[in-house]
Amino acid sequence: MPIELDDRGRARENEHFHRKEQEIIAKMKAKIQEDDARRLGIKCPKCDGVLIEADFDHIKIDVCDKCSGVWLDAGELAQLVEKDDESGWFGKLFK
Ligand SMILES: [Zn+2]
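Residues numbered from 1 in each chain as written. Predicted model: local features only at pLDDT ≥ 70, side-chain atom pairs only at ≥ 80, totals over all residues. Heavy atoms only, no water.

### Considering the coordination of the zinc ion
Now for step 1: At the metal site, the zinc ion is ligated by Cys-44 (SG), Cys-47 (SG), Cys-64 (SG) and Cys-67 (SG), and these contacts range over 2.3 to 2.4 Å.
Now for step 2: Metal-centred angles of 100 to 116° between the four donor atoms at the zinc ion mark the site as tetrahedral.
Now for step 3: Every donor residue of the zinc ion comes from the same chain, spaced as C-x2-C-x16-C-x2-C. Of this pair, Cys-47 sits in the loop between strand S1 (42-43) and strand S2 (50-56) while Cys-64 sits in strand S3 (residues 59-64), and the two are 17 residues apart along the sequence.
Now for step 4: Take Cys-47: its relative accessible area is 23%, and that puts it in the partly exposed class. (Donors = N, O, S within 2.8 Å, 3.2 Å for Na, K, Ca; no water. Tetrahedral: all angles 85-135°; square planar, octahedral: opposite > 155°, others 65-115°. Helix = DSSP H or I, 4+ residues; strand = E, 2+ residues; numbered from the N terminus. Buried < 20%, exposed > 50% of the residue type's maximum accessible area, 1.4 Å probe, protein only.)

Structure representation (structure tokens):
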């Protein structure tokens, strides 16, 4: 029964390609997610790194993943100054 063998062979081939296809799709999805993370991240003003939100004393700050620069926006800076009393290094810096 040559036709039967043919069909079986073709089915196996299809399965092989289907699996390959799934692998490629999975890789593409991973790549897209990586790109999204990069795109959503704010670019460092100093280098081409990405700013990652970090928690400093319950205040969110942005830290660069490349140059380790720390970036604050106006609200975050005010929060830090407010939190710090006059004996703190940060309070002294702005008084
Ligand atoms: Zn940087």
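The discussion continues.
### Concerning the side chain of Asp-62
Now for step 1: Along the chain, the position of Asp-62 falls in strand S3.
Now for step 2: We note that Asp-62 is buried and unpaired, the nearest opposite charge coming from Lys-60 at a distance of 9.4 Å.
Now for step 3: Excluding anything up to four places from it in sequence, Asp-62 contacts Ile-42, Leu-51, Ile-52, Glu-53, Gly-69, Val-70 and Trp-71. (Lys, Arg positive; Asp, Glu negative; His and termini not counted. Salt bridge = Lys/Arg side-chain N within 4 Å of Asp/Glu carboxyl O. Contact = heavy atoms within 4.5 Å.)

### Topic: the pairing of S3
Now for step 1: Both S2 and S3 contribute to a ladder of six bridges, which runs antiparallel. The residue bridging Asp-55 from the neighbouring strand is Lys-60, located in S3.
Now for step 2: The loop that links S2 with its antiparallel partner S3 comprises two residues; one of these, Asp-57, has a positive phi angle of about 55°.
Now for step 3: Alignment of S3 against strand S4 (residues 70-71), held across two bridges, turns out to be antiparallel. Paired with Val-63 across the two strands is Val-70, which belongs to S4.
Now for step 4: Adjacent in sequence and paired antiparallel, S3 and S4 are bridged by five residues, among which Ser-68 carries a positive phi angle near 60°. (Pairing = 2+ DSSP bridges.)

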